[in-house]
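Descriptive analysis of the structure
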Amino acid sequence: LTQLFRPLDMLGMVYRTIRQGLIDMAAMFRLIDTEVEVADTPGAPALVVRRPTVAFEDVVFGYDPDRTILHGLSFEVPAGAHVAIVGPSGAGKSTIARLLFRFYDPWSGRVLIDGQDISAVTQESLRAAIGIVPQDSVLFNDTIGYNIGYGRPHSQGPALHDDIVRGARDAAILPFIEALPHGFDTEVGERGLKLSGVEKQRVAIARTLVKDPPILILDEATSALDSRTEQGILDTLHRVSKDRTSLSIAHRLSTVADADSILVMDHGRLAEQGTHQALLRRGGLYAEMWSRQQAERDRNLEAAE
Ligand code: ATP
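Everything numeric in this text was worked out from a predicted model, so none of it was measured.

**Describing unusual backbone geometry**
With the exception of glycine, the majority of residues adopt a negative phi angle, and the majority of peptide bonds are in the trans configuration. A positive phi angle, near 50°, is found at Asp58, a position not held by glycine. In this fold, Asp58 is placed in strand β1 (residues 54–61). Although it is not a glycine, His267 adopts a positive phi angle of roughly 45°. Its place among the elements puts His267 in the loop between β9 (261–266) and β10 (269–274). Residue classification places His267 among the partly exposed positions, given that 13 C-beta atoms sit within 10 Å.

Encoded structure:
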């Protein structure tokens with residue numbers, strides 16, 4: 001009988017692995033719109049993260065051979081630091097995230113996590129170390145419990161119900177789930193219950209908590225949330241980022257003021273770097289973007305009155 005079940009077990013594992021791969025890809029959909037181009041080098045070791053530092057060393061990269069997007073980018077993120085990446089549209093913010101997740105390899109230069117070149121380690125170990133909270137999450141047509149629990153790397157075995165409940169609680173979506181007639185067994189996705197954008201984002205946060213990665217990439221929503229909802233999500237993200245290294249791609253500056261450091265990208269170059277206060281004092285690109293956004297906010301407030 002075991003002879004019969006072993007292949008079935010294997011099939012189950014393969015299925016789970018493929019399924020997980022697919023949703024990771026789907027989650028990154030906004031960050032990537034082309035085929036994956038990288039492969040593990042034969043015999044590549046697993047990434048070992050003791051101190052989750054991130055470093056870009058003179059990274060040059062473009063999507064097309066005749067157009068350079070990042071022109072020798074260097075920066076370091078200490079373990080546990082929260083770094084925000086800001087800059088005008090097309091400056092290269094999402095490209096940084098795509099390179100860190102190794103959807104592409106740099107043309108030259110290196111991307112390092114805890115001192116290890118990410119192109120020299122297995123992709124599986126790299127992706128297990130990084131959690132992504134995208135602005136638009138994709139859900140499986142499955143139960144809400146499955147959607148939260150699947151995030152655990154398969155090498156660690158299936159997520160326990162307790163982990164799923166804890167993830168949901170910390171992502172502040174537990175009361176919502178418990179109020180559903182079928183609770184965690186509620187089917188969601190296309191054929192099931194439709195969740196709002198904020199609920200989906202909270203599911204993505206809960207999933208990330210179950211995955212428990214040392215490094216986070218937060219792709220901040222561009223869509224206008226009302227300020228109370230936005231503050232609620234930000235508070236949750238702050239809690240989730242505690243004790244982890246995080247890189248947030250920020251489209252609005254109002255949310256980055258308390259980052260440990262802000263990278264200001266402009267045309268694929270690091271134009272400025274510093275804290276919110278230091279960058280305001282500097283009176284450069286960041287200060288200019290800040291006063292423009294403040295003026296816009298004031299106009300919107302006036303219009304609403
Ligand atoms: P936004 O704030 O609008 O999201 P961004 O700062 O994140 O912008 P990126 O998405 O990193 O900018 O894009 C940087 C540049 O690379 C842009 O000029 C963009 O057109 C180009 N680009 C992005 N993805 C691709 C791709 N898959 N193929 C070719 N060019 C691309």
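**A word on the sheet that holds strand β3 (residues 82–86)**
The strand order across the open sheet formed by 6 strands is β6-β7-β8-β3-β9-β10, and the pairing between neighbours is mixed. Looking along the sheet, the strands with just one partner apiece sit at the ends: β6 (130–133) and β10. Between one strand and the next, the sheet's axes are offset by a mean angle of 20°, whatever the strand orientation. Examined bridge by bridge, β3 and strand β8 (residues 245–249) share 4 bridges and lie parallel to one another. Its bridge partner lying in β8, Ile85 is registered against Ile249.

**Topic: the packing of helix α5 (residues 161–170) against helix α7 (residues 197–211)**
Where α5 meets α7, the closest approach of the two axes is 8 Å, and the angle between their N-to-C directions is 130°. Classified by the angle their axes make, α5 and α7 are oblique. By crossing handedness, the relation of α5 to α7 is classed as right-handed. Of the residues in α7, those in contact with Asp163, Ile164, Gly167, Ala168 and Asp170 of α5 are Ala206, Arg207, Leu209 and Val210. Partitioning the contact of α5 with α7 into residue classes produces 5 nonpolar, 1 polar and 3 charged.

Each value, and the rule that gives it
- Per chain, residues are indexed from 1 in the order of the written sequence.
- Totals for whole chains, interfaces and linings use every residue, but because this is a predicted model, local features are given only for residues with pLDDT of at least 70 and side-chain atom pairs only at 80 or more, for both listing and counting.
- Put simply, DSSP H or I for four residues or longer makes a helix, DSSP E for two residues or longer makes a strand, and each gets a number counted from the N terminus.
- Burial in this document is a count-based property: other C-beta atoms within 10 Å of a residue's C-beta are tallied, and the residue is buried at 20 or more, exposed at 12 or fewer, or partly exposed in between, with C-beta positions derived from the backbone.
- DSSP-based pairing: two strands are paired if at least 2 bridges between them are found.
- Axis angles are defined between N-to-C directions and span 0 to 180 degrees, where every axis is a line fitted to C-alpha atoms and, for a helix, only to the segment in contact.
- When an angle is under 35 degrees it counts as roughly parallel; over 145 it counts as roughly antiparallel; between 65 and 115 it counts as roughly perpendicular; any other value is oblique.
- In a left-handed crossing the near helix is turned counterclockwise from the far helix by less than a right angle, and in a right-handed crossing that turn is clockwise.
- A pair of residues counts as a contact when their C-beta atoms, built from backbone coordinates, are within 7 Å of each other.
- Classification convention: Asp, Glu, Lys, Arg as charged; Ala, Val, Leu, Ile, Met, Phe, Trp, Tyr, Cys, Pro as nonpolar; all other residues, Gly among them, as polar.

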